[in-house]
Structures are given as C-alpha cells and as structure tokens.
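# Summary of the model geometry
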Amino acid sequence: MFKKAVEAKAQQRLSGADRKKLKRTIRDRFPRASDADIDALLPPKAEITVSKFQNRVHVYGVEGGFPLFFNVDGRGSEIYPTVFALWELPEMLPYFMLKGGEVSRFVIGGADLMFPGISVAAEGLPSFSAGEPWAVKVPGNPAPIAVGSTTMSSAEALKAGLRGKALRIMHYYRDLLWESVEGHYVPNSGFLEDVVLEDPSFLASNQPSDSSEGATCESDVQQSCVNNENTEGSIDVNGAISDACAASMQNDSENAAKEITTDASDLKSTANVDAAKLDIELSSFSIEDVDSHLDRCLLQALHTTVKDKDLPMPGSTLWSNHVLPCRPSGITLDIKKSSHKKLSKWLQAKTSTGLITVKEDKYKKEAMLISVNRGHPEYLQFKPEKRPVEKVVQAGDSAASESRSQKALEVVEVYKSSVHVNPIFASVGADTGKLYSASEATDIVFKYIEKENLVKQTNKATVVLDVTLCDALFKGAIKKGSTYPTEIHKKDLGATFINRMQAHHMVTRGGESVVRKGVLKTVQIMTERRQGNKKVTKVSGLETFLIDPEALASELQKKFACSTTVAELRGKKGLEVLIQGGVIDDVARHLLEQYGIPKRYIEVLDKTRK
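Residues numbered from 1 in each chain as written. Predicted model: local features only at pLDDT ≥ 70, side-chain atom pairs only at ≥ 80, totals over all residues. Heavy atoms only, no water.

What follows concerns the overall build of the chain. When its secondary structure is counted, the chain shows 21 helices and 24 strands. Here the chain holds 610 residues, and the buried ones make up 42% of them. Within the chain, counting contacts between residues at least 6 apart in sequence, those at least 24 apart form 61% of the total. Within the structure as shown, the chain displays about 32,200 Å² of accessible surface, and the carbon and sulfur contribution to it stands at 51%. (Helix = DSSP H or I, 4+ residues; strand = E, 2+ residues; numbered from the N terminus. Buried < 20%, exposed > 50% of the residue type's maximum accessible area, 1.4 Å probe, protein only. Contact = heavy atoms within 4.5 Å. Areas by Shrake-Rupley, 256 points an atom, 1.4 Å probe, with all protein chains shown as cover.)

What follows is the structure, given as structure tokens:
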C-alpha cells in the first residue's frame, strides 16, 4: 500500500460530524479498543486531519501528530490502524506471531506473510475470517511491526494445510507512510530524525540481502524464507530447518525484538516530551498575544499576497489562503482563542480602525473584503518579513498558469455513417467507418448530387431526389400513408443528411482525447437545501469533459474555503462533487474560466430560489 511514493492531493480538518463518524467506524471495526482507548488516540477536543492521496487512500491523524489510521478505498469501509497507533494500543488488533527474525526482515521489506512463516500456538490456529485486519509481531516484542488483511478464513487455511498467503500487508514499520511523517505530520523534523534514524543498522539488518558471501545457515534460511517463484515477494518458511539455523533465527529474533522495542519506547517518550512542549507553548499565549499575532499576519498578508485586483474577496478566502500562510513557523492561529472569537467580528474590528473595508454579502451571508487602505498608519509602519511564502505563491501562480494551459478544452461534434446513408457513401467511395465533421459530411452528399446530376435545371437552388437519396433522407421518417417529397432545397439538405447519421463527439484536453457515441451531455450544477436549511451544490457530468471529480473537489475546497466530497451518482454511472454552500454561480464561472467549458454545455438549476 505504501511501497511507492504517492503525494497527498489535499489535507483538511474533519468537521464535527465526520469526526463522530470516524470514531463510530473505528469502534465498530476494532471492538478490542474501548472508548477510552479511542479517545486516547483521538482526543475529543483535538483537531483531526485527513490527507487524501492520489491512490484514493485517506490517512487520519491528530493535527501536528502522527498518522493513526488509514482508509484503503477512501469510502470508510476498509480502515486500518497505523504502526504508530498499534504502538500506543498493541492489543487493538489480533496478531500473528512470526517464527523468527529471518521472517521479520522480509515483512518490513514489504513482503506479504505466508502461513509457514507464522508460529502457531499449542492450542492451534486462532479463528478468523477473510478480510479481517490483523497485526504482525515478532517473538519477545509487544510492539507490532506490520498490519494487513487476512486473505482467507481459518477454516480455509486448515483445509489448505496452512499453506499459501495468510496476510496481505498494508502498512509496515519504516515504509513510505512512516517516512512521510517527517515531511507532513511532525512539526519538529529533528525529533523524528532522533527517533527513526538513530539506529540505521536496524533497517540495514532487516532488509533482504543479495550478497552471496557467507553461504552459511543464514543463506539457507533465506532460501527457505523466500519463494523465488512468487513475484510479489511473499514469505514462505519451510519447517525443516536445522537446529543450528533455528538457533541463529532465535538470536536474530531476540536482537530484532530488542531494537524494535527500543525504538517503540523512544518514540513514546520523545513524543510525550514533544507534545508537552507544544502544549506549554500554546497555553502560554494570552488572548492579547493571539490578537497581536492575528494583526501581524493580516498586515503581512496585505503587504505580500493580497492584491487590489483580487478584491472583493470572501473573508474565508482571506483567512485560509492569505492570513494562515503568513503565520510564523511553529505558531498555530485559532480565531476562537482571540478576543474576537469569530472571523467576521475580527474583520469588522479592523474595519472600524480604517485599515480595511468589509461588508456582508446578503446572498452568501459572509463577510467580504472590499478594499484595503494602503495609506493607513498601521499599514505604512509595518515592515513585511521576507519569507518563502512569497516564492511559494509565485510558484503556485506559475503552476496555475501551466495547469490552465494543460486544461485547454476542445470539443468537436463528429458524425459517422449509418444504415440510412451508407448507399450515398458507397456511391462516392467514402469510408463508412470514419468520423466526419458536419462540413465533411455535407460535402459527401453534394458529391453524390453532382455525380448523379440531381440539381434542378430550372432552379439551381433545388435538388431533385432520386430513390437512393430520398430513402437516405426520409425513409422511416415520413408517416405511413404520407407522400415522399420529390425535391429539397440546398440549404436544408446538409442538416437533413447529418440528422440521418450517427452523432458522436470528440473531447480533447491537453494530451488526452476521447471519442464517445451520442450527443455531448452537459455539466449539471444544482443547488438544493438540506436539513437545517443548509445549502449544498452538486456538480455532475464532469467526466464528459475529462475533468477529474476528485481533483476538482480539492480545488473548489481551497477556492471557496468550504468542505467538499465526491460520491457516486445514484442509479447512474459517474461521480458527483458535493460542495457545502450555495456556490452555483461561482462553480459555473470557475468551469467556464478555468476549464473552458462553453456556456451551452453548462446546465444550472437552483432549487433554493423561489
């Protein structure tokens, strides 16, 4: 699952309802964990974040802390604890005990676990079903080293003679999820370096070795541990191992157990110290300190990132895209801990001083930044700091312009010959399997007219219909008992001929192109009310224009500073993007400007307007 590097597309805080839903899912899926255990991992008042990766995996954790759970499909049904969580609650999952260190080195190398590598207790194999989450441990070590999903039930395993794959490993000690903590989850990268990298010999000693030197018992065990014919690198340990080999494995197992246990204890102790420092740092801020930080971040943003051309600007966009990125490293800004308590009240307070002008949008019920008084004494006296945030914004601008060029859309309506017009195509030698534009199809029918000399001599604007052309244009379209026409005007001929062909459309965006049968379907944008008189905007039909719904949801979440989700359409194929709030006009404008979708292909329906 985490063998290859995958970048996170988006990271956001969970709402209160999503936090409760996550805890309910964890409680149902892991009955061994009590409510107190879950609260210890996910404290009730702590902010929980979710990182959405390009491979649909969602990773959950406390903001500023370690990843604790990950969801394989992004839908909440297959959720697993990380090794970090299992080190805090080792008994959250049932576990398989490995036979020795020789097996563990391949597990933390990314291999799946085979039944011969498991140490079965005297009372027999424990009972389990296929698809259950199980952990992996080494002898003498309480800290699990991997987590995965069972591939078969215990009854099936006994029937197979305890052969085959037992556990499909999802996440293991020191995989790329573990390594990603340094860059994404832990604010103090030096702390992580002390924990994870203080003993690199452990990682080296627990990787499969290709060396041919020292062909002793260890190499024999490697041959018995690894099934060379299995391309997935699964583990297969034979039971027939010499006493010397067993002794070697036991020593390796004890050493590995000590090293992993040391790492686990160091992680807990160092994490507790780091968390304590962070709590002290945050709790030491008074209300006046928070207000001061807010004012400095606002002035920094007004000097560096807020441009007059971007105004008016929603207050939520000002906060998330401009104020927060200007906060000093290691400082967490929370408007609720200030004297204003709410963003709108803080902006109104700055309006009363004359620094900015803020008005409430009567439709969106949101504070809008209208103008900035760049001659205000506070603005003139403030000296902005030179920070990487400016470079990041510039890089973001160039990336945005590059992405816009890649989003260039081209839509072409094309047509293919049908049974009605096949005789016309065959008569002029045209390919019936080719796609034609409207002008090319019209040229074909006029070639036939020229070949058969069907233009009326007394009126050059009229075409006389012969049997073949009359059938191509009207057979099956004229009501029974009606007389077939004998002539047709040239201006009506092209449209009538095209209507008898098979309609297709070709959509091209960047280097990707697709041809689909039928007329081009529109993008539907609809706003409706939900419980509590809340508005939600739905967007569907994006796949027609080669737009990734997941990518658009992440983009709109940042643009409108609201929560977005992606769900399957009921009774239809495809996905729809659900956006919190009535942003129907803004979404339509965004699709028109950023994705180049013509207005005629955007269908808007606002069910909230009377």
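Next, the rest of the story.
Further remarks concern the environment of Asp 39. Inspection of the secondary structure assignment puts Asp 39 in helix 2 (residues 35-41). A residue is classified by how much of its surface remains accessible, and Asp 39, at 31% relative accessible area, is partly exposed. Residues Asp 39 and Lys 23, 16 residues apart in the sequence, show an inter-C-alpha distance of 8.8 Å. Among residues more than four places away in sequence, those in contact with Asp 39 are Lys 23 and Pro 44.

Turning to the environment of Ser 540, a few remarks are in order. For Ser 540, the location among the structural elements is in strand 21 (residues 535-540). Residues Ser 540 and Val 566, spaced 26 residues apart in sequence, show a C-alpha to C-alpha distance of 10.0 Å. Dropping the residues within four chain positions of it, Ser 540 is found in contact with Thr 522, Val 523, Gln 524, Leu 569, Leu 575 and Glu 576.

Right, let's get into the confidence of the model for the chain. Confidence along the chain averages 76 in pLDDT terms, with 75% of residues attaining 70 or more. For residues 182-254, every residue scores under 50 in pLDDT, and the model assigns this stretch 121 contacts once sequence neighbours within four places are set aside. The low-confidence segment residues 256-283, where pLDDT is below 50, has 43 contacts with residues more than four positions distant or belonging to other chains. (pLDDT = per-residue confidence, 0-100.)

Now for unusual backbone geometry. For Leu 546, which is not glycine, the phi dihedral falls at a positive 55°. Mapped onto the elements, Leu 546 comes out in the loop between strand 21 and helix 20 (549-560). Residue classification places Leu 546 among the buried residues on the basis of a relative accessible area of 17%. Positioned with a positive phi, Ala 561 is a non-glycine residue whose angle comes to about 55°.

The next subject is the packing of aromatic side chains. What the rule picks out here adds up to 11 aromatic pairs. Ring centres of Phe 70 and Tyr 80 lie 5.6 Å apart, and the angle between their planes is 20°; this geometry places the pair in the stacked category. With Phe 70 in strand 4 (residues 67-71) and Tyr 80 in strand 5 (residues 79-81), this residue pair connects regions lying 10 residues apart in the sequence. Taken individually, Phe 70 and Tyr 80 each receive the classification buried, so the pair is uniform in this respect. Taken together, the ring pairs in this structure connect Phe 96, Phe 128 and Trp 134 into an aromatic cluster. (Phe/Tyr/Trp six-rings, centres within 6.5 Å; stacked < 30°, edge-to-face > 60°.)

Moving on, we get to the pattern of salt bridges. Under the defined criterion, the tally for this structure stands at 14 salt bridges. Where Arg 27 meets Asp 35, a salt bridge forms, and the shortest distance between an N and an O atom there is 2.6 Å. A residue is classified by how much of its surface remains accessible, and Arg 27, at 32% relative accessible area, is partly exposed. For Lys 350, the salt bridge is made with Glu 378, and the minimal N-O distance between the two is 3.8 Å. Taken together, the residues span a long stretch of sequence, with Lys 350 in helix 13 (residues 343-352) and Glu 378 in helix 14 (residues 377-381) at a distance of 28 residues. By relative accessible area, which is 7% here, Lys 350 ends up buried. Several salt bridges converge on common partners, so that one network encompasses Arg 13, Glu 47 and Glu 63. (Salt bridge = Lys/Arg side-chain N within 4 Å of Asp/Glu carboxyl O.)

Looking now at the sheet that holds strand 11 (residues 313-314). Pairing within the open sheet is antiparallel, and its three strands lie in the order 11-13-12. Single-partner strands in this sheet number two, and they are strand 11 and strand 12 (356-361). (Pairing = 2+ DSSP bridges.)

Quick look at the layout of surface pockets now. Empty space left among the atoms is revealed by rolling a probe the size of a water molecule over them. Computed from the structure, the second largest pocket encloses a volume of approximately 1,400 Å³. Forming the boundary of the second largest pocket are 41 residues, of which Asp 18, Lys 21, Thr 564, Thr 565 and Val 566 lie nearest the centre. For the lining of the second largest pocket, the secondary structure elements donating two or more residues are strand 1 (8-13), helix 1 (16-29), strand 2 (48-53), strand 3 (58-62), strand 21, helix 20, strand 22 (564-568) and strand 23 (575-580). Looking at side-chain class alone, the lining of the second largest pocket contains 14 nonpolar, 15 polar and 12 charged residues. (1 Å grid on protein atoms, 1.4 Å probe; cavity = no way out; pocket = protein on both sides within 12 Å on 5 of 7 lines; lining within 4 Å. Points joined across faces, edges and corners; volume = space filled by probe spheres on them. Nonpolar A, V, L, I, M, F, W, Y, C, P; charged D, E, K, R; others polar.)

Here we take up the sheet that holds strand 10 (residues 165-172). Taken in spatial order, the five strands of this open sheet run 6-8-9-10-7, and their pairing is mixed. In the strand order of this sheet, the two ends are held by strand 6 (95-97) and strand 7 (113-114), each with one partner. Note: strand 8 (residues 133-137) against strand 9 (residues 146-150), four bridges, orientation antiparallel. By the bridge assignment for strand 9, Ala 135 is matched with Val 147.

Along helix 19 (residues 490-499), the positions that sit buried rather than exposed are Leu 493, Gly 494, Thr 496, Phe 497 and Ile 498. Those residues of helix 19 hidden inside the fold are in contact with strand 14 (409-416), helix 16 (422-428), helix 17 (438-452), strand 16 (462-464), helix 18 (467-474) and strand 17 (487-489).

On to the state of the cysteines, then. One pass over the structure, following the stated rule, counts zero disulfides. In this model Cys 297 remains outside any disulfide bridge; the closest cysteine sulfur is found in Cys 326, 6.5 Å from its own. (Disulfide = S-S within 2.5 Å.)

Moving on to the nonpolar core. By size, the foremost hydrophobic cluster in this structure holds 32 residues, and its most contacted members are Leu 22, Ile 26, Leu 41, Leu 42, Phe 69, Phe 70 and Met 92. Ala 166, Leu 167, Tyr 172 and Trp 178 belong to the second-largest nonpolar core, a separate cluster that totals 28 residues. (Core = buried A, V, L, I, M, F, W, Y, C linked by side-chain atoms within 4.5 Å.)

Our next topic: the side chain of Asp 291. With respect to the helices and strands, the residue Asp 291 is situated in helix 11 (residues 287-304). One buried charged residue, Asp 291, remains without a salt bridge, the closest side chain of opposite sign being Lys 341 at 8.5 Å. Filtering out sequence-adjacent residues up to four positions away, Asp 291 remains in contact with Ser 338, Ser 339 and His 340. (Lys, Arg positive; Asp, Glu negative; His and termini not counted.)

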